[in-house]
Amino acid sequence: MEKHEVRLSGSGGQGLLLAGIILAEAAIIDGKNAVQTQSYGPEARGGASKSEVLISDEAIDFPKVRDCDLLLSLTQKSYEQYNHGIKDTGVLILDTSVTVEEGVTNKIYSVPIIDTAAKVLGKPMVTNIVALGAIVEISKIVSYDALEAAVLKRVPKGTEELNKKALALGYEIAKESLTK
Amino acid sequence: MKMKSISSNEVNHGKLIINTEWCKGCGICTAFCPTKAIELIGEKVTVADIDKCTQCGLCELRCPDYAIYVGGKKNEQKG
Amino acid sequence: MSKKVRLMQGNEACVEGAIAAGMMFYSGYPITPSTEIAEISAERLPRIGGKFIQMEDEIAGIAAAIGASLTGVKTMTATSGPGFSLKQENIGYAAIAEIPIVIVDVQRGGPSTGQPTSPAQGDMMQAKWGTHGDHPVIALCPSSVKETFDLTIKSFNLAEKYRMPVLLMMDEVVGHMREKIEIPDSSEIEIINRKKPTCSAEEYLPFKPEANLVPLMADFGTGYRYHVTGLVHDETGFPSNSTQVADDLIRRLMDKVEVNKADIISWEEENTEDADILIFAYGCVARAAKTAIKMLREKGIKVGLFRPITVWPFPEERLIELSKQVKVIIAPEMNLGQMVLEVERLCNKHTKIERLNKVNGEIIYPEEIIAKIQEVL
Amino acid sequence: MPSQLVEQYFRADNLPQIWCPGCGHGIITRAIAAAIEQLDLDPNKVCVVSGIGCSSRAPGYLDFNTLHTTHGRALAFATGIKLANPDLKVIVIMGDGDSTAIGGNHFIHACRRNIDITTIIFNNNIYGMTGGQYSPTTPKFDKGTTAPYGNIDKAFDVCDLAGAAGATYVGRATSYHANMVTTLVKNGIMNEGFSLIEAISGCPTYYGRKNKKGGPVDMMKWQKDFAVNVTAAARMTPEQLEGKFLIGEFKNKPEPEYTKEYQRIIDSLKGSDV
């Protein structure tokens, strides 16, 4: 049985809720089961937020992450709040702005996600899609085709090309980003 | 659901019909009767002098209990 | 992914279920974490010729839904804790006036404003005892997105069949969770509609019960002019001061549920055949229990699950039977002990009952259930 | 056989009504039935909704689709009925406490929505059913059983409130001016939108007795002597108007109606469901 527990964290407004939905939808397109949950504070923007996705070939009972296979953190604050329960084999995908304390033994990928969206693409709104590209390149938890289909289903009309580009770019920058 | 089986103590005075069962004796009809054709006796409205009644309908209009109304021809015309 | 297989949120599945059941009217007031139910209803209903209205408060939300139901349409309102408190007044009205309506409560942490974005199961007893006076209650409790779809349909069916308010007791986890759901074809869905009179208007007695204790219900505007009141009333619908009429009415209202329990009650069992430990759980907590059971079974510990789907009326008989078989019942709840009161009332003669309670706004984890079981073993 | 109006539009089996001798509510209820008669509305399409209190008993005597709801909520129930089936003529009867205290929120929002409901507030300046407590329309310094030393709350002007909140037809009459009640209710029903008619009613049992206003006849005489039609008032001096109150039609300003606006949305979306 293959099972993945993924936690996406960042700051409210970075679109990680949508990223979680897209990831879960991609898993379903791949013919798997998926459950997506979220937790958030009262603020629509700015507070630490997380979106969790469980992907499995079998039925998923408990809907929240317990043994995290993959943690994405786009901000220092969200990393510090949500870096618990990570498996020894679990992978950290962090924006380059996030620093990790001494003694962490997990594999860490430091990826310029925020800068790529803001500076390369000039569209901070696609930060979440860049992140998805990076996640899937590193983890292969869903197929690229399914991910692209799921992205196109959920993004606003007229932004399809931009989002495809963001996804591809996320894919690219994830390669060779392993720092540890 | 139809409920039209009326049993009432109506007295037909020709120009006026009075339901003494429904009358609570408030005195509004007699106080505002322009010709004093009706009066209160023992907390019930009754006709004082039917000849004075012009069938103006003010008693019927202001009776809170629907206990007095204009009868005879005028009422039939309305139907 | 076929068109019918979708990733769907619990709150969305509630609306889809309601529409599949025939909902054509929604009135409510926005409140987290139920708000998506209002938003999606607002978007969907006018597209199918239905109506949505955002009222001025929670009380008006349920009142308008009851009014609309009297015209013959299926209606729903949804809310969360603080709004559920406000709706209690007119839940009682719908019960005594026998007006079908579905009320959804996506539970969050309380009391009062409490924890608006966090899950809880603190309204379970309010569902039973929230409005004043003796009144019949049907309350259902889903633990997945698919079940939310199914139980919303069932809620409408029961409301229509028994002419009463039906409560769908969700929680924030189930309401906001997204998972895979396969929407059945409409031909596969059983729909029940209220029974209407066929007699003449003169003969119609709006509150004269049929054999199943439920009166026939005429739509306002169709020629059966009748009176509806929240006062104790006789078969004609008009208020009565008769002690006999009052006694007959209240007992009949209660009996509609009591006598028809077998038709209403449902529950789920998992691994109970050989279980000597039983977990009693409902809503999102039942999912933690299932994971815990898998983990414990791998270690050879014989644990089973009893999950009430109908929380009110409570599936008493089967639980009593199981209590005679097991050494202990563990009752994890996201409150400080509500449904466990029923378990204790029914089962403490037969077995030991252990509570596991959590009110910090976080779901109960499988590991917490396992720890509790290891502690009592 | 009662009068033809009562025979045709009342549930005569439920009469005599339960109101106290000389209560103005019976007069106003009859005036509403007269409006329905004069407009020749189909009784099967008329819905009369009430809340709680003395006024709320009126629908029980009227032979239409009638709904006696919870305290203050009549307009919320009525909004559901009207929106679900706009073919129904919806008439709401409320008391002063019912509509402006516990139901105040529903009242202002029904006005604001301009939904096609005609509301008649039976204003007797007191809570009658519960025994004479002061209401939001009890005049300042008058007494009630919960204002034994005089009421220090300022009273609402129900018509000003309704007009400001967005009602598109507003008028006031009294139980003495029963024909005017009928006229205003007729106009209100014909107004496609939210209409508010305040009908001043005498409560001899509580308000009258507590405030030494005399019996039923005295209270009706007060209505007769102190009411000034708004058109006549325009020609009077402030001195002449001292202590008087206005009756008549205060506002008649049609605006787009709520259920019609909603129907426009439905029509614009036709065939768009997937």
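Residues numbered from 1 in each chain as written. Chains lettered and ligands numbered in written order. Predicted model: local features only at pLDDT ≥ 70, side-chain atom pairs only at ≥ 80, totals over all residues. Heavy atoms only, no water.

Some points on the overall build of chain B
From N to C terminus, chain B includes three helices and five strands. Ordered by position from N to C terminus, the α and β elements of chain B give β-β-α-β-β-α-β-α. Across chain B, contacts joining residues at least 24 apart in sequence account for 43% of those joining residues at least 6 apart. For chain B, the exposed area adds up to about 3800 Å²; of that, 50% sits on carbon and sulfur atoms. (Helix = DSSP H or I, 4+ residues; strand = E, 2+ residues; numbered from the N terminus. Contact = heavy atoms within 4.5 Å. Areas by Shrake-Rupley, 256 points an atom, 1.4 Å probe, with all protein chains shown as cover.)

Examining the interface of chain C and chain A
The interface of chain C with chain A comprises 24 residues on the first partner and 25 residues on the second. Summed over both partners, the interface of chain C with chain A buries about 2100 Å², with 56% contributed by carbon and sulfur atoms. Linking chain C with chain A are two salt bridges. Of all elements in the fold, only β1 (5-9), α7 (172-176), β9 (178-182), α10 (284-298) and α13 (366-376) of chain C reach the threshold of two or more residues within the side of chain C that touches chain A. Two strands pair when backbone bridges link them, and strand β2 (residues 33-39) of chain A and β9(C) are joined in this way by two bridges, in the antiparallel orientation. Along β9(C), the bridge assignment pairs A:Q36 with C:R178. (Buried area = accessible area lost by both parts, 1.4 Å probe. Salt bridge = Lys/Arg side-chain N within 4 Å of Asp/Glu carboxyl O. Pairing = 2+ DSSP bridges.)

Regarding the interface of chain C and chain D
Of the residues lining the interface, 40 residues belong to chain C; the matching set on chain D comes to 40 residues. Ranking the residues of chain C by area buried against chain D places C:R47, C:E56 and C:R225 at the top, with a combined share of 22%. Run the count over chain C and chain D and you get three salt bridges. For the salt bridge of D:R113 with C:E56, the shortest nitrogen-to-oxygen distance reads 2.7 Å. Our count for the chain C to chain D interface comes out at 20 residue pairs in polar contact (both at pLDDT 80 or more). Of all elements in the fold, only β3 (51-54), α3 (58-70), α4 (81-97) and β10 (227-229) of chain C reach the threshold of two or more residues within the side of chain C that touches chain D. Examining the composition of the side of chain C that touches chain D, we find that eight residues originate from one element, α3(C), more than from any other. When the residues that make up the side of chain C that touches chain D are grouped by side-chain class, the tally is 21 nonpolar, twelve polar and seven charged. (Polar contact = N/O pair within 3.5 Å; in protein donor to acceptor, adjacent residues only side chain to side chain. Nonpolar A, V, L, I, M, F, W, Y, C, P; charged D, E, K, R; others polar.)

Considerations on the arrangement of the chains
For this structure, the chain pair with the highest number of contacts among four pairs of chains in contact is chains C and D. Across all C-alpha pairs, the smallest distance from chain A to chain B is 54 Å, and the two are not in contact. With no contact formed, the shortest span from any C-alpha in chain A to any C-alpha in chain D equals 15 Å.

Quick notes on the pattern of salt bridges
Residues and elements named next belong to chain C. Applying the stated criterion across every chain yields a total of 53 salt bridges over all chains. Note that K4 is salt-bridged to D185, the shortest N-O span being 3.3 Å. In this pair, K4 is assigned in the segment before β1 and D185 in the loop between β9 and β10, connecting sequence segments 181 residues apart. By relative accessible area, K4 is classed as partly exposed at 36%. When salt bridges with common partners are traced through the structure, they connect E147, E268, E270, K290 and R307 into a single cluster. (Buried < 20%, exposed > 50% of the residue type's maximum accessible area, 1.4 Å probe, protein only.)

With respect to the domain arrangement of chain C
All names here are of chain C. Taken as a whole, chain C is organised into domain 1 (4-188), domain 2 (211-262) and domain 3 (267-376). Summarising the inter-unit geometry, the C-alpha centres of domain 1 and domain 2 are found 24 Å apart. Carbon and sulfur atoms make up 66% of the area that domain 1 and domain 2 hide from each other, which totals about 1700 Å². Counting the contacts that link domain 1 with domain 2 gives two salt bridges. A salt bridge links E98 to K256; its shortest N-O distance comes to 2.9 Å. Joining domain 1 to domain 2, the criterion identifies seven residue pairs in polar contact (both at pLDDT 80 or more). (Domains from an automatic or database assignment.)

Digging into the sheet that holds β9(C)
Here we have eight strands laid out as an open sheet, ordered β6(A)-β5(A)-β4(A)-β1(A)-β3(A)-β2(A)-β9(C)-β1(C), and mixed in their pairing. Of all strands in the sheet, those with a lone pairing partner are β6 (107-111) of chain A together with β1 of chain C, marking the two edges. Strand-to-strand twist across the sheet, computed as the mean angle between neighbouring axes with direction ignored, equals 20 degrees. Its contacts with the sheet put helix α1 (residues 10-21) of chain C on β1 and β9 of chain C, and the angle it makes with β1(C) is roughly 110 degrees. (Axes fitted to C-alpha atoms, helices over the stretch in contact; angles between N-to-C directions.)

With respect to the pairing of strand β13 (residues 303-308) of chain C
All names here are of chain C. The element β13 is extensively covered by neighbouring structure, given that six of its six residues are classed as buried. Neither face of β13 is open: one carries V303, L305 and R307, the other G304, F306 and P308, and all of them are buried. Note: strand β12 (residues 277-280) against β13, four bridges, orientation parallel. Each bridged residue has a counterpart across the sheet, and for L278 the counterpart in β13 is G304. You can see the chain leave β12, run along α10 and come back into β13, and the turn it takes is right-handed. (Right-handed = clockwise from strand over helix to strand, strands pointing away.)

What about the packing of α3(C) against α4(C)?
Residue and element names in this part refer to chain C. Across the interface, α3 lies against α4 with an axial gap of 8 Å and an inter-helix angle of 30 degrees. Relative to α4, α3 is oriented roughly parallel. The handedness of the crossing between α3 and α4 comes out as right-handed. Together, E58, I59, G61, I62, A63 and I66 of α3 and G83, L86, K87, E89, N90, I91, Y93 and A94 of α4 make up the contact between the two elements. Considering only residue class, the contact of α3 with α4 consists of eight nonpolar, three polar and three charged. (Parallel < 35°, antiparallel > 145°, perpendicular 65-115°, else oblique. Left-handed = near helix turned anticlockwise from the far one by under 90°.)

Some points on the confidence of the model for chain C
Mean pLDDT over chain C: 97, with 99% of residues reaching 70 or higher. On the interface metric, ipTM, the complex scores 0.94, and its pTM is 0.96. (pLDDT = per-residue confidence, 0-100.)

Considerations on the packing of aromatic side chains
Tallied over the full model, the rule gives 18 aromatic pairs over all chains. Both rings, one in C:Y204 and one in C:Y224, keep their centres 5.0 Å apart while their planes meet at 70 degrees; by these two values the pair is edge-to-face. Of this pair, C:Y204 sits in the loop between β9 and β10 while C:Y224 sits in the loop between β9 and β10, placing them 20 residues apart in sequence. Each member of the pair C:Y204 and C:Y224 is classed as buried. Among the aromatic residues, those joined into a cluster by ring pairs are C:W267, C:F280, C:Y282, C:F306, C:W312 and C:F314. The ring centre of B:F32 lies 5.5 Å from the NZ or CZ of B:R62, which sits over that ring. The ring of D:F226 is capped by D:K244, whose NZ or CZ atom sits 5.4 Å from the centre of that ring. (Phe/Tyr/Trp six-rings, centres within 6.5 Å; stacked < 30°, edge-to-face > 60°. Lys NZ or Arg CZ within 6 Å of the ring centre and 35° of its normal.)

Remarks on the side chain of C:Q9
Inspection of the secondary structure assignment puts C:Q9 in strand β1. Overall, the relative accessible area of 5% leaves C:Q9 in the buried class. Among the polar contacts listed, one links the side chain of C:Q9 to the backbone oxygen of C:H176, at a separation of 3.4 Å. Other than its neighbours up to four places away in sequence, C:Q9 contacts A:Q38, C:E36, C:V145, C:G175, C:H176, C:M177 and C:R178.

With respect to helix α8 (residues 178-190) of chain D
If you check α8(D), its first and last C-alpha atoms are 18 Å apart, about what 13 residues at 1.5 Å a residue would give, namely 18 Å. The complete set of buried residues in α8(D) reads D:A178, D:M180, D:V181, D:T182, D:L184, D:V185, D:G188 and D:I189. (Expected span 1.5 Å × (residues − 1).)

Digging into the packing of helix α11 (residues 316-325) of chain C against helix α12 (residues 339-347) of chain C
Residues and elements named next belong to chain C. Packing of α11 against α12 brings their axes to within 9 Å, and their N-to-C directions diverge by 60 degrees. Regarding α11 and α12, the two cross each other, and that crossing is right-handed. Every residue of α12 that contacts α11 at E316, L319, I320 and S323 is listed here: E342, V343, R345, L346 and C347. The class makeup of the residues in the contact of α11 with α12 is five nonpolar, one polar and three charged.

Some words on the environment of D:Q133
Residue and element names in this part refer to chain D. Along the chain, the position of Q133 falls in the loop between β4 (117-123) and α7 (158-165). Classification of Q133 by relative accessible area gives buried; the value is 19%. Sequence separation between Q133 and P148 is 15 residues; the distance between their C-alpha atoms is 9.4 Å. When near neighbours in sequence (up to four residues on either side) are disregarded, Q133 contacts I126, Y127, T145 and T146.

Quick notes on the environment of A:E25
Residues and elements named next belong to chain A. With respect to the helices, strands and loops of the structure, E25 is situated in helix α1 (residues 16-29). Overall, E25 belongs to the buried group, its relative accessible area being 1%. As for E25 and Q76, which are separated by 51 residues in sequence, their C-alpha atoms are 28 Å apart.

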